[in-house]
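# Examination of the molecular architecture
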Number of protein chains: 2
Amino acid sequence: MRKLTIKDVAKHAGVSTATISRVLNGSGYVSEDVRRQVLASVKELNYRPNAIARSLKQEKSRSIGMILPDMSNPYFMTIARTIQQRLVAEGYRLLFMDSDENPDKEREALDALLSNRVEGLLLAGTGGNKEQLRQLIGSGIPVVLVDRCVPGVSADLVMEDNRGPVRQAMEYLVSAGHRHIGMIHGPKTISTALERYEAAVRALQEAGLQVGEEYVYSGDFSRKSGKQAIQKLMKLPVPPTAVFSANNEMTFGLYLGLQEMGIGLDEVEVVSFGDLDFSSLFKHRLSVIMQHPESIGDSAASILLDKLLHQKSAMENRIIIPKFVQKNKLSL
Amino acid sequence: MRKLTIKDVAKHAGVSTATISRVLNGSGYVSEDVRRQVLASVKELNYRPNAIARSLKQEKSRSIGMILPDMSNPYFMTIARTIQQRLVAEGYRLLFMDSDENPDKEREALDALLSNRVEGLLLAGTGGNKEQLRQLIGSGIPVVLVDRCVPGVSADLVMEDNRGPVRQAMEYLVSAGHRHIGMIHGPKTISTALERYEAAVRALQEAGLQVGEEYVYSGDFSRKSGKQAIQKLMKLPVPPTAVFSANNEMTFGLYLGLQEMGIGLDEVEVVSFGDLDFSSLFKHRLSVIMQHPESIGDSAASILLDKLLHQKSAMENRIIIPKFVQKNKLSL
DNA sequence: TTGTAAGCGTTATCAA
DNA sequence: TTGATAACGCTTACAA
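None of the values given here were measured: they were computed from a predicted structure. (Residues numbered from 1 in each chain as written. Chains lettered and ligands numbered in written order. Predicted model: local features only at pLDDT ≥ 70, side-chain atom pairs only at ≥ 80, totals over all residues. Heavy atoms only, no water.)

Turning to the overall build of chain A, a few remarks are in order. When its secondary structure is counted, chain A shows 13 helices and 12 strands. Compactness check: chain A gives a C-alpha radius of gyration of 26 Å against a globular reference of 20 Å for 332 residues, more than 25% above the reference. Evaluated residue by residue, chain A yields a buried proportion of 54% over its 332 residues. When the 41 positive and 38 negative side-chain charges of chain A are each reduced to one mean point, those points stand 6 Å apart. (Helix = DSSP H or I, 4+ residues; strand = E, 2+ residues; numbered from the N terminus. Rg over C-alpha atoms; globule rule 2.2 N^0.38 Å. Buried < 20%, exposed > 50% of the residue type's maximum accessible area, 1.4 Å probe, protein only. Lys, Arg positive; Asp, Glu negative; His and termini not counted. Charge placed at Lys NZ, Arg CZ, Asp CG, Glu CD.)

Listed below in structure tokens is the structure:
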């Protein structure tokens, strides 16, 4: 079965390729008779236009690149799903890649996307590849940074406020009487991690608390590192009575670690940046800083579509404010 | 900044476009001198070949379509990640779409992928669009069905054995003394759901148990339907002492439902097809049929790549055997 | 209202 | 070892 082209349809319908194109794209004048005939041929032959050829001719790929750090993190997947729906609804296709928090993979992904002439890019960056990103933006491709900024790279940005809620959470912990607070942070190359870290430390200092180095663990946002962190913290001579975890996956790991050590899950007060959607199932003393992945995705998609569809050019920063929620209070 | 083409590079390097192409693709003879000069120009201009033009010319899109039903289900996302890595490593790009278990969306996705001339398709189908799929396969595009078969559509298939482990699980429940067993099933249009349903009912019948209609709930594989199911089941005059849930999301919902009703999570014995990775955190009487999404993804990718790269044409069915595990026993 | 033909950025054939 | 050039399937002036 040979590949069907517009010429085959033209021959079959007894008109020129231009007419077929006009009918299929609703551009230019076509008489109703011819129109019907063309559509009939298209249907009969089961013809489907070649999007690649069309892209080449129009010099528009109609595709958007998206690079997120972790395909297995529900937070990012919610963002991904939201964006995907919005873009597909507008006739774009999404080239979705996974950087795994690894700047090298990110670079490869970026290369691949550029070769595919994506018309826009959505990125939750690893913190690397700044030069590449600057070039990309300089070349006029709309770039929307998602969840994280990349210092030194100025682009549209949709993220959550990392400092305010963390400060609030720390004040809560101090006011609840905690004097030994453990901290599990992400890689400081990632802006969200850095901001959460700085805000937490500062808030505690301002509350007059010294944060001993041994209470601070540098994780990598993975479940495994959360587990390792809590196991180390709980073995301290004076274990923390409360712990701040900088993302959802590490919080998950934290609880797995406690469980493995046979420590009650409600023995430690926990503040997590990012929710655990199964937390209602076990006894805990967990507060979460609730993120809004749908809003992030939605805003990012809107900003990008504005640039793509309406040539909007002003730069936009949208900061979404996560809400500090004491889940343990909710379940009473 | 105008778009750079191979002509610009040719001019800059003082050679023909053919030579540039040869250097960049490592095809044909090029003298070492010219080679170096070309590469220098490419680098200096920061030229990146246009994958779209290349695709058109070579009549190869180098892209693969994948349609999965649920971007927020960790089972499918694990499959997705595995496949994505394998394909990207071979120079393909993945067009990844989400059918949301909806045949209409699936059809749209299929259309979009065909327009983009994907060279292969990976599909966990909704059960619909059979005619389309048959045409697609007939046209010579390799299709690998993942997780589910589509009755009436013959294609390569990588799935898990749904019957054996379910039978084993049911025998276990009966031998544990349960006489009132609830069942939460998925949509029977989906092969996995149907197979699990049939196997469960048959096993119970063969064990001499009548399954009352009121103990059977038809869910849709979503968390929400699992919750509704358990809430209905537990309100029966004689509530079940054990429940079989046909997928991970519904099991999640089941526990959320119990929790909401104030019923102890370990009051009901549960068998779940598909794991809950947080189950160690709460007290339960849960057994799971452990799936192997990495194996599924890996096998699917291998089969597809065999056809793509080595023109392998024999049809292949790989059945992976999930393992029945009593998690409650593990945590003792 | 329709057709002709140029051209999008590559690759591949053929000739030099 | 290199260069001209046709062609991939489509859209779009321009002509008719």
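The structure having been displayed, the exposition proceeds.
The next subject is the pattern of salt bridges. Evaluated as defined, the whole model comprises 44 salt bridges over all chains. A salt bridge links aspartate 111 of chain A to arginine 48 of chain B; the nearest nitrogen and oxygen atoms lie 2.7 Å apart. On the criterion of chain membership, the pair formed by aspartate 111 of chain A in helix α6 (residues 103-115) and arginine 48 of chain B in the loop between α3 (32-45) and α4 (51-58) is interchain, its members lying in two chains. On the basis of relative accessible area, aspartate 111 of chain A is assigned to the partly exposed category, the value being 25%. (Salt bridge = Lys/Arg side-chain N within 4 Å of Asp/Glu carboxyl O.)

For serine 225 of chain B, the location among the structural elements is in helix α10 (residues 223-233). Beyond its immediate chain neighbours, meaning those up to four positions away, serine 225 of chain B contacts Tyr217, Gly219, Asp220 and Met250 of chain B. (Contact = heavy atoms within 4.5 Å.)

Next up on the list: the domain arrangement of chain A. In terms of domain boundaries, chain A breaks down into domain 1 (6-49), domain 2 (62-160 + 293-321) and domain 3 (164-291). Between the C-alpha centres of domain 1 of chain A and domain 2 of chain A there is a distance of 37 Å. (Domains from an automatic or database assignment.)

Turning to helix α1 (residues 6-13) of chain A, a few remarks are in order. All names here are of chain A. Of the positions making up α1, those classed as buried are Val9, Ala10 and Ala13. The arc that holds every buried residue of α1, seen down its axis, measures 100°, which confines them to one face. Away from its buried face by more than 90 degrees, α1 exposes Lys7 and Lys11. Here the buried face of α1 lies against α2 (17-25) and α3 (32-45). Directly beyond the C-terminal end of α1, a positive phi value near 70° is found at glycine 14. (Arc of directions from axis to C-beta.)

Our focus in this paragraph is the relation of the copies chain B and chain A. Copy one and copy two of the chain differ by a rotation about an axis and a translation along that axis. For the pair chain B and chain A, the superposition axis carries a translation of 0.1 Å, the fit reaches an RMSD of 0.1 Å, and the rotation angle comes to 180°. The two molecules are tied by a two-fold rotation axis, judged by turn and shift. Of the C-alpha atoms belonging to chain B, the one lying closest to the rotation axis is found on phenylalanine 282 of chain B, 2.6 Å away. Comparing contact sets, 100% of the residues at the interface of chain B also lie at the interface in chain A, consistent with an isologous, same-surface contact. (Least-squares fit on C-alpha atoms with pLDDT ≥ 70 in both.)

Of note in the backbone geometry, glutamate 59 of chain A takes a positive phi value of approximately 55° without being a glycine. With respect to the secondary-structure elements, glutamate 59 of chain A resides in the loop between α4 (51-58) and β1 (63-68). On the accessibility criterion, glutamate 59 of chain A (71% relative accessible area) is exposed. Phi angles above zero are rare outside glycine, and glutamate 101 of chain B is one such case at about 60°. A relative accessible area of 25% places glutamate 101 of chain B in the partly exposed class.

What follows is about the packing of aromatic side chains. Tallying each qualifying case throughout the model produces 11 aromatic pairs over all chains. Judged by centre distance (6.4 Å) and plane angle (40°), the rings of phenylalanine 278 of chain B and phenylalanine 282 of chain B are tilted. An aromatic cluster of three or more residues is present, and its members are Phe252, Tyr255, Phe278 and Phe282 of chain A together with Phe252, Tyr255, Phe278 and Phe282 of chain B. Sitting over the face of the ring of tyrosine 197 of chain A, lysine 188 of chain A holds its NZ or CZ atom 4.2 Å from the ring centroid. Above the plane of the ring of phenylalanine 273 of chain B lies arginine 196 of chain B, whose end atom (NZ or CZ) is 3.7 Å from the centre. (Phe/Tyr/Trp six-rings, centres within 6.5 Å; stacked < 30°, edge-to-face > 60°. Lys NZ or Arg CZ within 6 Å of the ring centre and 35° of its normal.)

Okay, the sheet that holds strand β12 (residues 323-326) of chain A next. Hydrogen bonds between backbone groups are what pair the strands of a sheet, and the pairing can be parallel or antiparallel. Residue and element names in this part refer to chain A. Sheet architecture is open: six strands sit in the order β7-β6-β8-β9-β10-β12, paired in mixed fashion. Bordering the open sheet on either side are β7 (216-218) and β12, each of which pairs with just one other strand. Averaged over all pairs of adjacent strands, the angle between their axes in this sheet comes to 15°, without regard to strand direction. Summarising the sheet, strand β8 (residues 242-245) and strand β9 (residues 269-273) pair through four bridges and their orientation is parallel. Pairing of alanine 242 across the sheet is with glutamate 269, part of β9. The sheet strands contacting helix α8 (residues 163-175) are β6 (181-185), β8, β9, β10 (285-290) and β12, and the helix crosses β9 at an angle near 175°. Docked against the sheet, helix α11 (residues 248-261) engages β6, β8, β9 and β10, running at close to 155° with respect to β9. (Pairing = 2+ DSSP bridges. Axes fitted to C-alpha atoms, helices over the stretch in contact; angles between N-to-C directions.)

This paragraph deals with the protein's contact with DNA strand D. As a matter of local geometry, DNA strand D sits amid 25 residues, with Ile6 and Tyr47 of chain A together with Thr19, Ser31 and Val34 of chain B nearest to it. Counting only atoms of DNA strand D within 4 Å of the protein, the fraction found in sugar and phosphate groups is 65%. At a separation of 3.2 Å, a phosphate oxygen of DNA strand D approaches a polar side-chain atom of asparagine 25 of chain A. Threonine 19 of chain B is positioned with one of its side-chain polar atoms (N or O) 2.6 Å from a phosphate oxygen of DNA strand D. Within the residue set of the surface near DNA strand D, elements represented by two or more residues are α2 and α4 of chain A together with α2 (17-25) and α4 of chain B. Looking at the surface near DNA strand D residue by residue, the classes come out as 11 nonpolar, nine polar and five charged. (Near = heavy atom within 4 Å. Polar contact = N/O pair within 3.5 Å; in protein donor to acceptor, adjacent residues only side chain to side chain. Nonpolar A, V, L, I, M, F, W, Y, C, P; charged D, E, K, R; others polar.)

Another point: the interface of chain B and chain A. Each partner contributes residues to the interface: chain B has 45 residues there, and chain A has 45 residues. Carbon and sulfur atoms supply 58% of the area buried between chain B and chain A, which totals about 4,300 Å² over both sides. Sorting the residues of chain B by area buried against chain A places Arg48, Arg117 and Leu281 of chain B first, and these three jointly supply 18% of that buried surface. Where chain B meets chain A, there are four salt bridges. The tally of links from chain B across to chain A stands at 18 residue pairs in polar contact (both at pLDDT 80 or more). Contributions of two or more residues to the side of chain B that touches chain A are made by α4, α5 (74-89), β2 (93-98), α6 (103-115) and α11 (248-261) of chain B. No other element matches the six residues that α5 of chain B contributes to the side of chain B that touches chain A. Residues that form the side of chain B that touches chain A fall into these classes: 22 nonpolar, 13 polar and 10 charged. (Buried area = accessible area lost by both parts, 1.4 Å probe.)

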